[in-house]
Amino acid sequence: MARYVLRRIGSALVILWVIISITFVLMHAIPGGPFTSEKKLPPQVKASIEAKYHLDDPLWKQYTDYIGGIVTGDLGPSYKYEGRSVNDIIGESFPISAQLGLLALCVAVVGGIAAGAISAMRPNGMIDYAITFISTLGISVPTFIIGAVLVYVVGFEMGLLPVALWRGPSYMILPVLTLAAQPMAFIARLTRSGLLDVYQQEYIRTARAKGLGSWTILFSHALGNAILPVITYIGPLAAGLLTGSFIVETIFAIPGLGQYFVTSIYNRDYTVILGVTVFYSALIVVLNIIVDMIYPIIDPRVTTEKERA
């Protein structure tokens, strides 16, 4: 197992280096620069600013300097946010994105498993059809459409909840539901499918023959085996929710890291773009490794396969 983890860490470092290199090249391949939009700057002032941030250095030197900074944990200064480093921006804004992502993850997992279980307990009934229809709708409709509908109906028409910013529990409901809608629908479908397969097994028939109730069979015998695909899905889902809230943060004006990333693209703030990309890439890699280490605890057969690898 230790050898497997070391291999994963080694491959993760290579992946991160490739991501950094590709992003660096693409950023500098785009015409213009972070100070191109400053039309009123005299050429001498612009040259002085570029010299201050070492943008007049050869590209290979900028690349090696940036790699060296990453190794020491320094992601560099922001070109557009005066006096702030990329580390400061990430440290300030990522907790908000993480809070949004974790809340959405909890809602998606709990709501999806509950909906899927209720649907599987009474297959081909009205409740099953309703949950299946809503789940299909949730998977099919893009996140920005769900967010726009919630903002218009719940926020503007009904006036029940605020539709912007991140100032308390009432502000969290709409963005969390928007971000959780698609994964919750998918988890509901996974749970329903898994339970229907498990309910066909012989030990479930034996449990029913013994007179056990539906809820006892569900929690004591069926659910643990049925949600293994859901647990497998939680790993990439957690990474996706923590790093994929850009659209939701933009719709609801949430001051999270995703909004900074979108703004930095418009501003061509190279260091912020690179820093956020590196941070999110590292986060995804770490979460995937953690899931790979946890999954054998749930399904011991995975350990044997990895030991053979």
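Residues numbered from 1 in each chain as written. Predicted model: local features only at pLDDT ≥ 70, side-chain atom pairs only at ≥ 80, totals over all residues. Heavy atoms only, no water.

**A closer look at the overall build of the protein**
A tally of regular secondary structure across the protein gives 14 helices and zero strands. Scanning the protein from its N terminus toward the C terminus, one meets helices and strands in the order α-α-α-α-α-α-α-α-α-α-α-α-α-α. Per-residue burial over the protein gives 40% buried out of 309 residues. Residue pairs in contact within the protein that sit at least 24 positions apart in sequence constitute 72% of those at least 6 positions apart. Taken as a whole, the protein presents about 16,700 Å² of accessible surface, with 68% of it coming from carbon and sulfur. (Helix = DSSP H or I, 4+ residues; strand = E, 2+ residues; numbered from the N terminus. Buried < 20%, exposed > 50% of the residue type's maximum accessible area, 1.4 Å probe, protein only. Contact = heavy atoms within 4.5 Å. Areas by Shrake-Rupley, 256 points an atom, 1.4 Å probe, with all protein chains shown as cover.)

**Some details on helix 12 (residues 257-267)**
Taken residue by residue, helix 12 has Leu 257, Gly 258, Tyr 260, Phe 261 and Ser 264 as its buried positions. The arc enclosing the buried residues of helix 12, seen along the axis, measures out at 160°, which places them on a common side. Downstream of helix 12 by one or two residues, Arg 268 has phi in the positive range, about 55°. (Arc of directions from axis to C-beta.)

**As for unusual backbone geometry**
You will see that Asn 124, though not glycine, has its phi angle at about 65°, which is positive. Inspection of the secondary structure puts Asn 124 in the loop between helix 4 (86-121) and helix 5 (126-140). According to the relative accessible area criterion, Asn 124 is exposed, its value standing at 56%.

**Observations concerning the side chain of Thr 143**
Examined against the element boundaries, Thr 143 turns out to sit in helix 6 (residues 143-157). Given a relative accessible area of 19%, Thr 143 falls into the buried group.

**Brief notes about helix 3 (residues 59-71)**
In an α-helix, one full turn covers 3.6 residues, which means residues spaced three or four apart are oriented alike. In this model helix 3 runs 19 Å from its N-terminal to its C-terminal C-alpha over 13 residues, within 8% of the 18 Å that 1.5 Å per residue would give. When helix 3 is considered as a whole, its buried residues turn out to be Gln 62, Tyr 66 and Gly 69. Looking down the long axis of helix 3, one finds its buried residues gathered within 60° of arc, a one-sided arrangement. For helix 3, the exposed residues set more than 90 degrees away from the buried face come down to Trp 60 and Val 71. Trailing helix 3 by a residue or two, Gly 73 shows a phi angle of about 85°, which is positive. (Expected span 1.5 Å × (residues − 1).)

**Quick look at the pattern of salt bridges**
Scanning the entire structure with this criterion turns up four salt bridges. A salt bridge links Lys 61 to Asp 65, with the nearest nitrogen and oxygen atoms 3.1 Å apart. With Lys 61 and Asp 65 both in helix 3 and four residues apart, this pair spans about one turn of that helix. Judged by its relative accessible area of 31%, Lys 61 falls in the partly exposed class. The closest approach of N and O atoms between Glu 92 and Arg 84, which form a salt bridge, is 2.7 Å. For Glu 92, a relative accessible area of 47% corresponds to the partly exposed category. (Salt bridge = Lys/Arg side-chain N within 4 Å of Asp/Glu carboxyl O.)

**Quick notes on the side chain of Ser 93**
Examined against the element boundaries, Ser 93 turns out to sit in helix 4. Classification of Ser 93 by relative accessible area gives buried; the value is 1%. Discounting residues that sit within four places of it in the chain, Ser 93 has contacts with Pro 255, Gly 256, Leu 257 and Tyr 260.

**Quick word on the packing of helix 4 against helix 12**
Geometry of a packed helix pair, given as the angle between the helix axes and the separation of the axes. Packing of helix 4 against helix 12 brings their axes to within 7 Å, and their N-to-C directions diverge by 125°. Classified by the angle between their axes, helix 4 and helix 12 sit oblique to one another. Along the contact surface, helix 4 presents Ile 89, Ile 90, Glu 92, Ser 93, Phe 94 and Ser 97, while helix 12 presents Leu 257, Gly 258 and Tyr 260. The residue makeup of the contact of helix 4 with helix 12, split by class, is five nonpolar, three polar and one charged. (Axes fitted to C-alpha atoms, helices over the stretch in contact; angles between N-to-C directions. Parallel < 35°, antiparallel > 145°, perpendicular 65-115°, else oblique. Nonpolar A, V, L, I, M, F, W, Y, C, P; charged D, E, K, R; others polar.)

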